[in-house]
Amino acid sequence: EKSRIALPVGSNLDRFIMKNQEAFPYASGELSQLIRDLAYAGKVVNREINRAGLADITGAYGNENVQGEEQQNLDVAANIRFTRALKKGGEVAAIISEEDEEIIDLNNPRSKYIVAIDPLDGSSNIDVNVSIGTIFSVYRRISPQGSPIQTEDVLQPGSAQVAAGYILYGSSTMFVYTTGKGVNGFTYEPSLGEYILSHQNMKMPKDGKVYSINEGSYYSFEPHVRDYVEACKKRGFSARYIGSLVADFHRNLLKGGIYIYPSTEKAPNGKLRLMYECNALAMIAEQAGGKATDGKQRILDIQPTDLHQRVPFYVGSTKMVKEATEEA
Ligand code: P6P
């Protein structure tokens, strides 16, 4: 559906949010403020990432996160920045994060929103100066405002998202998000401290010639995945796998392509997390005309059972996702 917002490219995120809010008559401004709070935290994290090489805060933190992964300093710093910004912003009641085993209750009982976030995905790439990203989903809480947070508030299917997006800390830093009326991309201009509207009403090509998958696990893929990889090679498609989900996803969104993290022997449910990686990118993909499944069902239809559950992830150009999964 064509984005309702028509602003000249070059407009900034604040003005876009304001116009977007006008487009939602019932909007009372809390979601707009929440998006601003995320965008602000993204500016702070962007600055810390750009200094990481010098400030010697990249080296492994010595702790492990709930995933058992070495926690990089920046992982921890980013989680603190986003949590603090959302708490101070006052619009979010609770957060689930890749970096925290349990639900983070922000003690904002009057707030009506829940955020699921991967503060810094691909953090193992920090030390080698490869692009990394923040991924976020926003839900409306189900239990009454003022009451304690319930599991039902945080384990909602992706189809219940009221907003989703990512920040890509790449050759330039971009803020890309949707509130269900199309996808819009903003490029950060550090000298102004502003996100400038650079990609209005983004659409993912229906087909593509780029496939992103870790072929190092080829022999532990399911047969239909091996068959699809072979088909891509026979057609001379380009293999592009950055090892950083947001970077691969963003390129495929712009140019067409498919990203696959399938079930493997080591990771029978794949590696990526439903709540704070797959759901957000699945909403962005669908809003841009693409597709996202776990190989059998629409990602956004999956009823979560655990904060940190993994799902196989096929996301990108509709024609490619259909062909790569078991759909005819
Ligand atoms: P592998 C990074 O750790 C990440 O979560 C994604 O950003 C990336 O696409 C994937 O995992 C890489 O995983 O197993 O291929 O190294």
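Quick caveat, the model's predicted, so the values are computed rather than measured.

1. Structural notes on the overall build of the protein chain
Helices and strands together make up the secondary structure of the protein chain, namely eight helices and 15 strands. Every one of the 328 residues in the protein chain was classed for burial, and the buried ones make up 58%. Pairs at least 24 residues apart make up 63% of the contacts formed inside the protein chain by residues separated by at least 6 positions. As displayed, the protein chain has an accessible area near 13800 Å², and 48% of this comes from carbon and sulfur atoms.

2. Quick word on the pattern of salt bridges
Under the counting rule described, the total for this entry stands at nine salt bridges. Residue R36 is joined to D14 by a salt bridge in which the shortest nitrogen-to-oxygen separation is 3.1 Å. Placement of the pair is R36 in helix α2 (residues 30-55) and D14 in helix α1 (residues 13-23), with a sequence separation of 22 residues. Residue classification places D14 among the partly exposed positions, given a relative accessible area of 40%. Across the salt bridge formed by E48 and R81, the nearest N and O atoms sit 2.5 Å from each other. Here E48, found in helix α2, pairs with R81, found in helix α3 (residues 73-89); they are 33 residues apart in sequence, far enough to count as distant. Within the structure, one salt-bridge network assembled from shared partners comprises E286, R298 and D301.

3. Notes on unusual backbone geometry
At N129, a residue that is not glycine, the phi angle is positive and equals roughly 60 degrees. Along the chain, the position of N129 falls in the loop between β5 (113-121) and β6 (132-140). Classification of N129 by relative accessible area gives exposed; the value is 72%. A positive phi angle, close to 50 degrees, is found at N201, a residue other than glycine. By the secondary structure assignment, N201 is in the loop between β10 (194-199) and β11 (210-212).

4. Digging into the sheet that holds strand β13 (residues 258-261)
Strand pairing in a sheet is mediated by backbone hydrogen bonds. Such pairs are either parallel or antiparallel. Sheet architecture is open: five strands sit in the order β12-β11-β13-β15-β14, paired in mixed fashion. A single partner strand is all that each edge strand has here, and the edge strands are β12 (238-239) and β14 (291-293). Here helix α5 (residues 223-234) sits on the sheet and contacts β11, β13 and β15 (313-316); the angle it forms with β11, its principal contact strand, is near 145 degrees. Docked against the sheet, helix α6 (residues 245-255) engages β11, β13 and β15, running at close to 160 degrees with respect to β11.

5. Description of the site of the ligand
Around the ligand, the surrounding shell consists of D121, G122, N214, Y241, G243, S244, L245, Y259, Y261, K271 and L272. The separation between an oxygen atom of the ligand and a polar side-chain atom of Y261 is 2.6 Å. Interatomic distance of 3.0 Å between a side-chain N/O atom of K271 and an oxygen atom of the ligand.

6. A few points about α6
With nine of its eleven residues buried, α6 lies for the most part within the structure. Of the residues making up α6, those classed as buried are L245, V246, A247, D248, F249, H250, R251, N252 and L253. In the stretch just after α6, G256 is the one whose phi turns positive, near 90 degrees.

7. Quick word on the UniProt feature "binding site: Mg(2+) 1" (unreviewed entry) in the protein chain
Within this structure's numbering, the places UniProt gives as "binding site: Mg(2+) 1" (unreviewed entry) are E98, D118 and L120. Separation in sequence by 23 residues is not matched in space for these annotated residues, since their most distant C-alpha atoms are only 8.8 Å apart. Note that D118 resides in strand β5. Owing to a relative accessible area of 0%, D118 belongs among the buried residues under this scheme. Other than its neighbours up to four places away in sequence, D118 contacts E98, G133, T134, I135, Y276 and E277.

Conventions we followed
Residues numbered from 1 in each chain as written. Predicted model: local features only at pLDDT ≥ 70, side-chain atom pairs only at ≥ 80, totals over all residues. Heavy atoms only, no water. Helix = DSSP H or I, 4+ residues; strand = E, 2+ residues; numbered from the N terminus. Buried < 20%, exposed > 50% of the residue type's maximum accessible area, 1.4 Å probe, protein only. Contact = heavy atoms within 4.5 Å. Areas by Shrake-Rupley, 256 points an atom, 1.4 Å probe, with all protein chains shown as cover. Salt bridge = Lys/Arg side-chain N within 4 Å of Asp/Glu carboxyl O. Pairing = 2+ DSSP bridges. Axes fitted to C-alpha atoms, helices over the stretch in contact; angles between N-to-C directions. Near = heavy atom within 4 Å. Polar contact = N/O pair within 3.5 Å; in protein donor to acceptor, adjacent residues only side chain to side chain. UniProt positions renumbered as here; feature names shortened; annotations may be inferred.

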